[in-house]
Amino acid sequence: MSNKPRDERRQHGELVADVLAVLWQSGRPMTAQQVNAVLDKGLARTTMATILARLYEKGTLRRTPAGRGFAYEPVEDAAGLVAGRMHREMESEPRRDLVLKRFVSSLSEADEEMLRSLLLEAEDESE
């Protein structure tokens, strides 16, 4: 277990979210230096390069050669990233029915109706 304080972990998670937001908003591959300039948080270029490299290793970003380094872009949009996380969580759970039941029971009426609509739409497309 890490000795890092909780606030430091939270800040790192927020930093990763900020990095992804910059890349999604950009719509084009960006280098560590470019992302760092947009964020303007005073981070070392090597720190940003490490964050981007780790996101690449996790499959969140793709990279292309750019000068002496790489330019990075997201593999998916924000919704796709969340959906992928949800899917991975479901795959790791042996009682998927129970997880889905609890998930559905926690939805607002509007979200439940949206889910019904999406399921019907998917069913119609498969026919």
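Structural notes, computed from the coordinates. (Residues numbered from 1 in each chain as written. Predicted model: local features only at pLDDT ≥ 70, side-chain atom pairs only at ≥ 80, totals over all residues. Heavy atoms only, no water.)

**Thoughts on the overall build of the protein chain**
Regarding its fold elements, the protein chain presents six helices and three strands. Secondary structure of the protein chain in N-to-C order comes out as α-β-α-α-β-β-α-α-α. For 127 residues, the compact-globule estimate of 2.2 N^0.38 gives 14 Å, and the C-alpha radius of gyration of the protein chain, at 19 Å, exceeds that figure by more than 25%. Across its three principal directions, the C-alpha atoms of the protein chain cover 50 × 40 × 25 Å. Buried residues in the protein chain amount to 21% of all 127 residues. Nonlocal contacts in the protein chain, meaning residues at least 24 apart in sequence, comprise 37% of its contacts between residues at least 6 apart. Of the roughly 9,800 Å² of accessible surface on the protein chain, 51% is carried by carbon and sulfur atoms. (Helix = DSSP H or I, 4+ residues; strand = E, 2+ residues; numbered from the N terminus. Rg over C-alpha atoms; globule rule 2.2 N^0.38 Å. Buried < 20%, exposed > 50% of the residue type's maximum accessible area, 1.4 Å probe, protein only. Contact = heavy atoms within 4.5 Å. Areas by Shrake-Rupley, 256 points an atom, 1.4 Å probe, with all protein chains shown as cover.)

**Brief notes about the packing of helix α4 (residues 78–91) against helix α5 (residues 96–105)**
Two numbers describe how α4 lies on α5: the axes approach to 9 Å, and their chain directions differ by 135 degrees. One way to sum up the angle between α4 and α5 is to call them oblique. Residues Met86, Met90 and Glu91 of α4 form the contact with α5, whose participating residues are Arg96, Val99, Leu100 and Phe103. A class-by-class count of the residues in the contact of α4 with α5 yields five nonpolar, no polar and two charged. (Axes fitted to C-alpha atoms, helices over the stretch in contact; angles between N-to-C directions. Parallel < 35°, antiparallel > 145°, perpendicular 65-115°, else oblique. Nonpolar A, V, L, I, M, F, W, Y, C, P; charged D, E, K, R; others polar.)

**Observations regarding the packing of aromatic side chains**
With the rule as written, the count across this model stands at one aromatic pair. Positioned over the ring face of Tyr56 is Arg63, at 4.0 Å from the centre of the ring. One residue, Arg63, lies across the ring of Phe70, its end atom 3.9 Å from the ring centre. (Phe/Tyr/Trp six-rings, centres within 6.5 Å; stacked < 30°, edge-to-face > 60°. Lys NZ or Arg CZ within 6 Å of the ring centre and 35° of its normal.)

**Thoughts on a negative patch on the surface**
Taken together, Glu121, Glu123, Asp124, Glu125 and Glu127 make up a surface patch of like negative charges. Residue classification places Glu123 among the partly exposed residues on the basis of a relative accessible area of 45%. (Patch = residues over 30% accessible without salt bridge, like charges linked within 9 Å, V, L, I, M, F, W, Y side chains within 5 Å. Salt bridge = Lys/Arg side-chain N within 4 Å of Asp/Glu carboxyl O. Lys, Arg positive; Asp, Glu negative; His and termini not counted. Charge placed at Lys NZ, Arg CZ, Asp CG, Glu CD.)

**Observations concerning the pattern of salt bridges**
This model, assessed by the stated rule, comprises six salt bridges. Across the pair Glu91 and Arg96 runs a salt bridge whose closest N-O atoms are separated by 3.3 Å. Glu91 gets classed as partly exposed once you look at its relative accessible area, which sits at 48%. Classification of Arg96 as partly exposed rests on a relative accessible area of 37%.

**Thoughts on a nonpolar patch on the surface**
Residues Val82, Met86, Phe103 and Val104 make up a contiguous nonpolar surface patch of about 310 Å² in total accessible area. Secondary structure elements with two or more residues in the nonpolar patch: α4 and α5.

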